[in-house]
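Commentary on secondary and tertiary structure
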Amino acid sequence: MWWSADALEEVAARGELAINPIVYAEVSLGYDTIEALDAALAGFTRLPLPYEAGFLAARCHLRYRKAGGARRSPLPDFYIGAHAAVEGRAADARRGPLPQLPPKAADRRS
């Protein structure tokens, strides 16, 4: 987990840190109370998960299934990457490259 703290410090130095409800849920497993979790995430901007991200996550999941992936429902990583793509933000580097935006979603981002 030490690399995560280092990565957060590096990203924080470059700009705003943001999370969505999916990341919040993933991180919450490390805390016993919601108060402790909220205190730990005090410096993060909380973003809603846009519907466009759900659409993009589903398209990425479809490609994953066609390529032989076994999971039946979209994985959190698809939602997180799609959210970052729709918002024009950087995603967590360990999650890999961002999915490609459909043309209409890219137009709305500008």
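**Let's talk about the packing of aromatic side chains**
On inspection of all chains with the given rule, the structure shows one aromatic pair. Between Tyr64 and Phe78, the aromatic rings sit 5.6 Å apart at their centres with planes inclined by 65 degrees, giving edge-to-face as the arrangement. Residue Tyr64 is located in helix 4 (residues 51-66), and its partner Phe78 is located in helix 5 (residues 76-87); the two are separated by 14 residues in the primary sequence. Under the relative-accessibility criterion, Phe78 is labelled buried at 18%.

**Remarks on the pattern of salt bridges**
On inspection of all chains with the given rule, the structure shows one salt bridge. A salt bridge links Asp38 to Arg46, with the nearest nitrogen and oxygen atoms 3.0 Å apart. With relative accessibility at 28%, the residue Asp38 sits in the partly exposed group.

**Some words on the packing of helix 4 against helix 5**
Between helix 4 and helix 5, the least distance of the axes is 8 Å, while the angle of their chain directions is 130 degrees. Viewed along their axes, helix 4 and helix 5 adopt a mutual orientation that is oblique. Regarding helix 4 and helix 5, the two cross each other, and that crossing is right-handed. Contact residues: helix 4 offers Glu52, Ala53, Gly54, Leu56, Ala57, Cys60, His61 and Tyr64, while helix 5 offers Phe78, Tyr79, Ala82, His83, Ala85 and Val86. Here the residues of the contact of helix 4 with helix 5 are counted per class, giving ten nonpolar, three polar and one charged.

**Some thoughts on helix 4**
Because an α-helix packs 3.6 residues into every turn, residues spaced three or four apart end up facing the same way. The end-to-end C-alpha distance of helix 4 is 23 Å, a good match for the 22 Å that 16 residues give at a rise of 1.5 Å each. Those residues of helix 4 that fall on the buried side of the exposure criterion are Ala53, Leu56, Ala57, Cys60 and His61. Projection of helix 4 onto a plane perpendicular to its axis shows the buried side chains occupying an angular sector of 145 degrees, all on one side. Relative to its buried face, helix 4 has exposed residues pointing more than 90 degrees away, namely Tyr51 and Lys66.

**Here's the deal with the confidence of the model for the chain**
Confidence along the chain averages 77 in pLDDT terms, with 75% of residues attaining 70 or more. Confidence over residues 93-110 falls short of pLDDT 50; this stretch has 27 contacts with residues more than four positions distant or in other chains.

**So, the side chain of His83**
Tracing the backbone through its elements, the reader meets His83 in helix 5. The contacts of His83, once residues within four sequence positions are left out, are Asn20, Leu47, Pro48, Leu49, Pro50 and Ala53.

**Looking at the side chain of Asn20**
As for its position among the elements, Asn20 is in the loop between strand 1 (18-19) and helix 2 (21-28). Within the structure, the side chain of Asn20 is placed 2.9 Å from the backbone nitrogen of Ile22, a separation counted as a polar contact. A polar contact of 3.0 Å, which involves the side chain of Asn20, links it to the backbone nitrogen of Val23. Apart from residues lying up to four places away in sequence, Asn20 is in contact with Leu47, Leu49, Ile80 and His83.

About the thresholds
Within each chain, residue numbers correspond to sequence positions counted from 1 in written order. A pLDDT threshold of at least 70 governs which residues receive local features in this predicted model, and a stricter bar of 80 or more applies before side-chain atom pairs are shown or counted, although totals over entire chains, interfaces and linings include all residues. Hydrogens and water molecules were not included; the side-chain quantities draw on all heavy atoms of the structure. Classification of ring pairs rests on two measures: the distance between centres of Phe, Tyr or Trp rings, Trp counted by its six-membered ring, which must be within 6.5 Å, and the angle between planes, read as stacked under 30 degrees, edge-to-face over 60 and tilted in between. Each helix corresponds to a stretch of at least 4 residues labelled H or I by DSSP, and each strand to a stretch of at least 2 residues labelled E; elements are numbered beginning at the N terminus. Here's how the labels work: a residue is buried when its accessible area is under 20% of the maximum for its type, exposed when over 50%, partly exposed in between, all with a 1.4 Å probe on protein chains only. Put simply, a salt bridge is a Lys or Arg side-chain nitrogen that is within 4 Å of an Asp or Glu carboxyl oxygen. Every axis corresponds to a line fitted to the C-alpha atoms, with the helix fit spanning only the stretch in contact, and the corresponding angles, defined between N-to-C directions, vary from 0 to 180 degrees. Just so you know how the angles are binned, under 35 degrees is roughly parallel, over 145 roughly antiparallel, 65 to 115 roughly perpendicular, and the rest oblique. Here a crossing is taken to be left-handed if its near helix is turned anticlockwise relative to the far helix by less than a right angle, and right-handed if that turn runs clockwise. Two residues qualify as a contact provided that any one of their heavy atoms is within 4.5 Å of a heavy atom in the partner residue. Amino acids are sorted into nonpolar (Ala, Val, Leu, Ile, Met, Phe, Trp, Tyr, Cys and Pro), charged (Asp, Glu, Lys and Arg) and polar (every other residue, Gly among them). By this rule the span expected of a helix is its residue count minus one, scaled by 1.5 Å. In this context, the arc is that of the directions from the helix axis out to the C-beta atoms. The score called pLDDT rates the predictor's confidence residue by residue, from a low of 0 to a high of 100. Residues adjacent in sequence count toward polar contacts only when both atoms are side-chain atoms; beyond that, a polar contact is any pair of N or O atoms within 3.5 Å, and within protein one must be able to donate a hydrogen and the other to accept it.

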